[in-house]
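The residues making up each chain are set out below.
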Amino acid sequence: MLRRLDKIRFRGHKRDDFLDLAESPNASDTECGDEVPLKIPRTSPRDSEELRDPAGPGTLIMAAGVQDFNRTEFDRLNEIKGHLEIALLEKHFLQEELRKLREETNSEMLRQELDRERQRRIELEQKVQEVLKARTEEQTAQQPPKGQAQVNNGADRRGQGLCPRVQKWFYEKFGEYVEDFRFQPEESTVETEEPLSARRLTENMRRLKRGAKPVTSFVKNLSALSDWYSVYTSAIAFTVYMNAVWHGWAIPMFLFLAILRLSLNYLIARGWRIQWSIVPEVSEPVEPPKEDLTVSEKFQLVLDVAQKAQNLFGKMADILEKIKNLFMWVQPEITQKLYVALWAAFLASCFFPYRLVGLAVGLYAGIKFFLIDFIFKRCPRLRAKYDTPYIIWRSLPTDPQLKERSSAAVSRRLQTTSSRSYVSSAPAGLNKDEDTGRFHGTKKGNFHEIFNLTENERPLAVCENGWRCCLINRDRKMPTDYIRNGVLYVTENYLCFESSKSGSSKRNKVIKLMDITDIQKYKVLSVLPGSGMGIAVSTPSTQKPLVFGAMVHRDEAFETIFSQYMKITAAAASGSDS
């Protein structure tokens, strides 16, 4: 800056004046310390103006340069600020994923369990040391002096009689049994858990399959009897069973069958080849386990086993939840039938003899198993109309089905309430077309024009005005594309996000509800509006879920989106079936 001003100042001096000053005779003869007369240079009016304004005409150029410098610095600061926001959100997402991984591995829980076991071991060692110390003190205290011991021995010899001998004999005969009845504190044993291993997991699944094979074969044989797979075998079994029930031999018959099965198993264990099965057994090829597996093979093996375990646990959970809901009056009309049947069985057992009750129950079970079930399996329409146990079991809901029904009911209630409030608040002179244009238009125009949809695609009654939120697209890395503020709408078939920034419709986001693969509640950052609550939506076109964060009414939006998604998928499934 100073150099520029010096150049501007010296620009006003004429070259001739400086030459006169340089060629002055006193300039060469002057020694140090002598006074040298200075010759003031002549200036022109223009030069005088430049002297009065030292900056001269370069001031505008310098000001423009400073403004450009400030502008570029401001843009750089905004860009750095955007990247810092992205880094902050990515840090939060990574922390959430790390927390989930820690919860899955349960490393903290295992560490706490290990610390507790170490503390317990230290306490046990201290107790053992205290007991040993107490025993040594008692032994030293009980040892009498030698003289006193001799006197006591003489007295004991003289006092021995019948009573000590009887006690000694009793202790020798029954002392062991008395010791068995001595109360001792219960020892808490902690089972050691094996680490996760793909080979061990596969082996356990095979063991489970082999262990459940007798049960599955027994169920297959019963089903074959009911389906009359072998007509002669089913006819003989039906005749024997009905005859045993009629003569009151049902319980002895079942006991005899159990004894016969054990006898056959004994012969099979001895090497006899005996096959007693209605359904022919199909031997499945058993693949020998590989010793050396690659990482991808181990991963695929774990995935296959986990899928089988997931399906098995899902079926077991459905059965248990249905039984629980049957007894907990979740559907009163179904539990009422069971309640009446139990009262009828109780009264029949009180007033009728057990022989008659057993005869009735046995005959009904035989006819139901051998005849009625056979007809119902061959005629599904009859079964859907008249098979009461089958109808009750199919109509019993599981816990996920109850949750879906409750969410759908809440959504319908909210839609009804919002529509009623709209009807009551709408002016009387407003017709249907005016009402539609009023409530289904955004700030930039009509709804279907903004998102390039058909005219029948309009926001639902719950979200006529939309939900304010910010869209976080983790697939993008630029600050302007990573976070967008706007409004979220839900239509019958789409999820629409309108960006609040002015521009083309390319900044808006339209997601088809049928393309959603996963939807769940999410918490982004607690410092954002709505305590950072949001909704994460996964689609096949995105690598990472799209997060609609900073939603004040997150739960309402989630219930609406989820219920509409379930409605669309159910309609699509019914359409494909038909």
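Whatever comes next refers back to the structure up there.
These numbers come from a predicted model, not from an experiment. Every chain's residues receive numbers from 1 upward, in the order its sequence appears when written. Only residues with pLDDT of at least 70 are given local features in this predicted model, and only at 80 or more are side-chain atom pairs given and counted; all residues enter the totals for whole chains, interfaces and linings. Excluded from the side-chain calculations are hydrogens and water; all other atoms, namely the structure's heavy atoms, are used.

1. What about the sheet that holds strand β4 (residues 483–490)?
Here comes step 1: Two strands pair under a simple rule: DSSP has to find at least two bridges between them. For helices the rule is a DSSP run of H or I covering at least 4 residues; for strands it is a run of E covering at least 2, with both sets numbered from the N terminus onward. Reading across the sheet, the seven strands line up as β6-β5-β4-β3-β9-β8-β7 and stay open at both edges, with antiparallel pairing between neighbours. Each edge of the open sheet is held by one strand with a lone partner, namely β6 (509–512) and β7 (518–523). The sheet shows a mean angle of 30 degrees between the axes of neighbouring strands, taken without regard to direction.
Here comes step 2: Of the pairings in the sheet, the one linking strand β8 (residues 533–538) to strand β9 (residues 546–549) comprises three bridges and is antiparallel in character. Residue pairing in the sheet places Val-537 in a bridge with Leu-546 of β9. Whenever a helix is involved, its axis is fitted only over the stretch in contact; in every case the axis is a line through C-alpha atoms, and angles between N-to-C directions fall within 0 to 180 degrees.

2. Some thoughts on the pattern of salt bridges
Here comes step 1: Salt bridge, as used here: a side-chain nitrogen of Lys or Arg that lies within 4 Å of a carboxyl oxygen of Asp or Glu. All told, the structure shown has 11 salt bridges when counted by the stated rule.
Here comes step 2: Here Arg-116 ties to Glu-113 by a salt bridge, and the two come within 2.4 Å at their closest N and O atoms. Of this pair, Arg-116 and Glu-113 both sit in helix α6 (residues 107–142), three residues apart, which is roughly one turn of the helix.
Here comes step 3: Burial classification: accessible surface area is computed with a 1.4 Å probe over protein chains only, and a residue below 20% of its type maximum counts as buried, one above 50% as exposed, and the rest as partly exposed. You can call Glu-113 partly exposed: its relative accessible area is 29%.
Here comes step 4: Sharing partners across several salt bridges, the network here consists of Lys-368, Asp-373, Arg-383 and Asp-387.

3. Some words on a nonpolar patch on the surface
Here comes step 1: Put simply, a patch holds well-exposed residues, over 30% relative accessible area, that have no salt bridge, with like charges counted together within 9 Å and Val, Leu, Ile, Met, Phe, Trp or Tyr side chains within 5 Å. In short, Shrake-Rupley with a 1.4 Å probe defines the accessible areas, and a residue's cover is counted only from the protein chains shown. Residues Trp-329, Tyr-339, Trp-343, Phe-346, Leu-347, Phe-351, Phe-352 and Leu-356 make up a contiguous nonpolar surface patch of about 900 Å² in total accessible area.
Here comes step 2: Position of Phe-352 among the secondary structure elements: in the loop between α14 (332–351) and α15 (354–378).
Here comes step 3: By relative accessible area, which is 45% here, Phe-352 ends up partly exposed.

4. Structural notes on the layout of surface pockets
Here comes step 1: One number sums up the size of the second largest pocket: a volume of about 1,200 Å³.
Here comes step 2: A pocket here means an open set of points on a 1 Å grid, computed over the protein atoms alone, that has protein on both sides within 12 Å along at least five of seven lines. A cavity is instead a set of points where a 1.4 Å probe fits but cannot get out; residues with an atom within 4 Å of a point line either one. Lining the second largest pocket are 28 residues, and of these Phe-218, Asn-221, Leu-225, Leu-257 and Trp-276 lie nearest its centre.
Here comes step 3: Those elements that provide at least two residues to the lining of the second largest pocket are α10 (213–227), α11 (231–246), α12 (250–269) and α15.
Here comes step 4: Polarity classes work like this: nonpolar for Ala, Val, Leu, Ile, Met, Phe, Trp, Tyr, Cys and Pro, charged for Asp, Glu, Lys and Arg, and polar for all others, with Gly in that last group. Of the residues in the lining of the second largest pocket, the class split is 19 nonpolar, six polar and three charged. Grid points are joined across faces, edges and corners, and a volume is the space filled by probe spheres set on the points.

5. Digging into a positive patch on the surface
Here comes step 1: For the charge count, each Lys or Arg is scored as positive and each Asp or Glu as negative, with His and the chain ends excluded. Charged side chains are reduced to one point each, which is NZ for Lys, CZ for Arg, CG for Asp and CD for Glu. There is a patch of like positive charges on the surface, built from Arg-206, Arg-207, Arg-210 and Lys-308.
Here comes step 2: No other element matches helix α9 (residues 198–211), which puts three residues into the positive patch.
Here comes step 3: Tracing the chain through its elements places Arg-206 in helix α9.

6. Thoughts on the state of the cysteines
Here comes step 1: Counting rule for disulfides: a pair of cysteine sulfur atoms within 2.5 Å. All told, the structure shown has zero disulfides when counted by the stated rule.
Here comes step 2: The thiol sulfur of Cys-496 is not disulfide-bonded, and the nearest other cysteine sulfur, from Cys-463, lies at 9.1 Å.

7. A look at the side chain of Thr-560
Here comes step 1: The residue Thr-560 is located in helix α22 (residues 554–577) in this model.
Here comes step 2: On the basis of relative accessibility, which here comes to 2%, the residue Thr-560 falls in the buried class.
Here comes step 3: The definition of a polar contact used here is a pair of N or O atoms within 3.5 Å, where within protein one atom must be able to donate a hydrogen and the other to accept one, and adjacent residues in sequence count solely through side-chain atom pairs. A polar atom in the side chain of Thr-560 sits 2.8 Å from the backbone oxygen of Glu-556.
Here comes step 4: Note on definitions: a residue-residue contact is assigned when non-hydrogen atoms from the two residues lie within 4.5 Å. Ignoring anything within four residues of it in the chain, the contact list for Thr-560 reads Leu-460, Val-462 and Trp-467.

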